[in-house]
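Breakdown of the fold
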Amino acid sequence: MGRLFGTDGARGIANKELTCELAMKIGRAAAMVLTDSTHSRPRILIGKDTRISSDMLDGALTAGLCSVGADVISLGVVPTPAVAFLVGKYKADAGIMISASHNPCEFNGIKIFSGDGYKLPDALEEQIEAIVLDQAQVPPCPVGGAIGRVTVAERAVKDYVDHIKRTVPFALDGMNIAIDCANGSASRTAEKLFTELGATVHMLADQPDGININEHCGSTHMENLMQYVKEHEGIDAGIAFDGDADRFLAVDEKGNFLDGDYIMAIIAADMRSRGKLAGNTVVGTIMTNMGFSRFCEENGMKFLATKVGDRYVLEEMLLEEYNFGGEQSGHVIFLDFATTGDGQLTAAQLLSILKRRNAKLSSLATLMTRFPQVMVNVTVTNEGKLRFYTDGEVKAAVEAAKTEMGKNGRVVVRVSGTEPLVRVMVEGENKDQIDRVANRVADVVRERLS
């Protein structure tokens, strides 16, 4: 797997790259590091998504944690942001989420949150990684009463749903919502949440079988939800989550797709109008559409761009005390309510704006004009991901593309932190030009790095 922890935890093909042995070692190492920092018997939450390998990895992680004296609180199937929230509510020392988010079922991942609900800092991840990779390191082996215990948090879903409900200033009475759960974690929570908020819900992809997570559904496959909204009269909006429900994308009442940039524009404008947007600033990434930065400029807001990854958005928000930011992919962070991106929280906030303003989603989306943007994902080898940074022909192709686009566009080519891909994004005013430029760069990447 290369470096154990990437931009969003440790990920790989379950039982091949992310094995039970590795999961057990991560559990042991995490407990050892946390014990060292807390100087007490740690209590660690474990949540998981619905993919078939999550139970297997849950067992391995639990065994590793208990074997070095940590107590485990099992949350069962919950969204990733539920783990982040419940760490604080249950006063645990850390939380672990077993999920590969939007990836297919054969992948899985391990994401660790610290006791304050934030993703584990790089320094602690590096300590855990060093212990896992050091074959000479001998873990402690407590016996008797010093071995960790396992308990089940029976109220985990209710406590999380109640938390989101408390953040919504306007109930959703009378609204009709189509919800695509990606056959993932939202299958446990979304119907309960939005029904209790007062909406009538139409549930899609909410029957997980361990294998169908993210399969032609959810926020990475919006076609079914778009078609459903078009074919059913009276639906106010469609909302779609990914496998662990930390991201959310939308469909308006006409069946048109709205990405994270549109969602953030609507919410940011509303927050600013109510004096709730800290510093009148929104934090995004280099992948945020140029139309969003122009929207901010025209509406008296400042836009800051970070590297791709919600952890970098969060770092900037915390550094400057901003309270709203996110990514085009649908990771949206409300620091007033949460410590990480939360798809259901974001959906609830957006829908409450529609209800309070008695507005159509299609109308609110006209706040922002999106620049044409094309993304080409090129599958590469692990070696190719490393060579990306040094290959002369790839560098030359990227520079040529930037020169051609000039000031009227952008070219961003980057290695995915979670998948075996190089992503080629080109943006500008001329659709034919950006298609041509993106495919030209992608061809070079494919030839050199695949």
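Above this note sits the structure.
To keep things clear, this report deals only with the structure shown in the data block. (Residues numbered from 1 in each chain as written. Predicted model: local features only at pLDDT ≥ 70, side-chain atom pairs only at ≥ 80, totals over all residues. Heavy atoms only, no water.)

Helix and strand counts for the protein chain come out as 15 helices and 18 strands. The C-alpha radius of gyration computed for the protein chain amounts to 22 Å, which stays within 12% of the reference 22 Å derived for 450 residues, consistent with globular compactness. Dimensions along the principal axes, computed over C-alpha positions, put the protein chain at roughly 65 × 60 × 40 Å. Across the 450 residues in the protein chain, those meeting the buried criterion constitute 58%. (Helix = DSSP H or I, 4+ residues; strand = E, 2+ residues; numbered from the N terminus. Rg over C-alpha atoms; globule rule 2.2 N^0.38 Å. Buried < 20%, exposed > 50% of the residue type's maximum accessible area, 1.4 Å probe, protein only.)

Attention shifts here to unusual backbone geometry. For Asn15, which is not glycine, the phi dihedral falls at a positive 75°. When you line up the elements, Asn15 lands in the loop between β1 (10-13) and α1 (20-38). Overall, the relative accessible area of 54% leaves Asn15 in the exposed class.

Read from one edge of the open sheet, six strands run β1-β5-β4-β2-β3-β6, paired in mixed fashion. Looking at the sheet topology across the chains shown, the edges are occupied by β1 and β6 (150-152). Within the sheet, the average angular offset between the axes of one strand and its neighbour, ignoring direction, is 20°. As defined by bridge partners, strand β4 (residues 94-98) adjoins strand β5 (residues 107-114) across five bridges and the pair is classed as antiparallel. Each bridged residue has a counterpart across the sheet, and for Ile98 the counterpart in β5 is Ile110. (Pairing = 2+ DSSP bridges. Axes fitted to C-alpha atoms, helices over the stretch in contact; angles between N-to-C directions.)

Evaluation of the coordinates by the stated rule reveals 24 salt bridges. Salt-bridge contacts for Lys119 lead to Asp310; the nearest nitrogen and oxygen are separated by 2.9 Å. Residue Lys119 is found in the loop between β5 and α4 (122-133), and its partner Asp310 is found in helix α10 (residues 310-320); the two are separated by 191 residues along the sequence. A residue is classified by how much of its surface remains accessible, and Lys119, at 12% relative accessible area, is buried. Connected through salt bridges with shared partners, the residues Lys158, Asp162, Lys165, Lys192 and Glu196 form a single ionic network. (Salt bridge = Lys/Arg side-chain N within 4 Å of Asp/Glu carboxyl O.)

The tally for this structure, following the rule as stated, stands at six aromatic pairs. Look at Phe292 and Phe303: their rings are 5.5 Å apart centre to centre, the planes differ by 70°, and that puts the pair in the edge-to-face class. With Phe292 in helix α9 (residues 290-298) and Phe303 in strand β13 (residues 302-306), this residue pair connects regions lying 11 residues apart in the sequence. Since its relative accessible area comes to 0%, Phe292 is described here as buried. By the ring-pair criterion, three or more aromatic residues cluster together here, those being Phe292, Phe295 and Phe303. In this structure, Lys307 is placed above the aromatic ring of Tyr312, and the distance from its NZ or CZ to the ring centre is 4.3 Å. (Phe/Tyr/Trp six-rings, centres within 6.5 Å; stacked < 30°, edge-to-face > 60°. Lys NZ or Arg CZ within 6 Å of the ring centre and 35° of its normal.)

Right, let's talk about the side chain of Asp159 for a bit. Along the chain, the position of Asp159 falls in helix α5 (residues 156-167). Look past the residues within four positions of Asp159 in its chain and what remains in contact with it is Phe85, Leu86, Lys89 and Tyr90. (Contact = heavy atoms within 4.5 Å.)

Burial runs high along strand β9 (residues 237-241): five of the five residues are buried. Because side chains alternate across β9, one face comprises the buried residues Ala237, Ile239 and Phe241, and the other comprises Gly238 and Ala240, equally buried. Note that strand β7 (residues 176-180) and β9 share four bridges and pair parallel. Residue Ile179 lies in a different strand from β9, and its bridge partner there is Ile239. By the bridge criterion, four bridges tie β9 to strand β10 (residues 248-251) in an arrangement that is antiparallel. If you follow Phe241 over to β10, its bridge partner there is Phe248. Where β9 folds back on β10, the antiparallel hairpin that results is connected by six residues, among which Ala245 adopts a positive phi of roughly 60°.

Let's shift gears to the sheet that holds strand β16 (residues 373-379). Taken together, three strands build an open sheet; the order of strands is β16-β18-β17 and the sheet is antiparallel. Strands at the two margins of the open sheet, each flanked by one partner only, are β16 and β17 (409-415). Across the sheet, the axes of successive neighbouring strands diverge by a mean angle of 10°, strand direction being ignored. When β17 meets strand β18 (residues 421-428), the two strands line up antiparallel, connected through seven bridges. When the bridges of β18 are listed, Val411 appears paired with Val426. The sheet contacts of helix α14 (residues 392-405) involve β17 and β18, and relative to β17 the element is tilted by about 160°.

Topologically, Ala10 is positioned in strand β1. Residues Ala10 and Asp180 lie 170 residues apart in sequence; the distance between their C-alpha atoms is 26 Å.

Its boundaries defined by the atoms lining it, the second largest pocket holds a volume of some 240 Å³. Together, 15 residues line the second largest pocket, and Met271, Arg274, Lys276, Phe337 and Gln349 are the ones closest to its centre. By residue number, the principal contributor to the lining of the second largest pocket is helix α11 (residues 343-357), which donates four residues. Here the residues of the lining of the second largest pocket are counted per class, giving six nonpolar, four polar and five charged. (1 Å grid on protein atoms, 1.4 Å probe; cavity = no way out; pocket = protein on both sides within 12 Å on 5 of 7 lines; lining within 4 Å. Points joined across faces, edges and corners; volume = space filled by probe spheres on them. Nonpolar A, V, L, I, M, F, W, Y, C, P; charged D, E, K, R; others polar.)

Burial of strand β12 (residues 281-285) is extensive: five of the five residues sit out of reach of the surface. The alternating pattern of β12 places Thr281, Val283 and Thr285 on one face and Val282 and Gly284 on the opposite face, and all of these are buried. The pairing of β12 with β13 spans five bridges and is classified as parallel. In the strand pairing of β13, Val282 is matched with Phe303. With respect to chirality, the unit in which β12 leads through α9 into the neighbouring parallel β13 is right-handed. (Right-handed = clockwise from strand over helix to strand, strands pointing away.)

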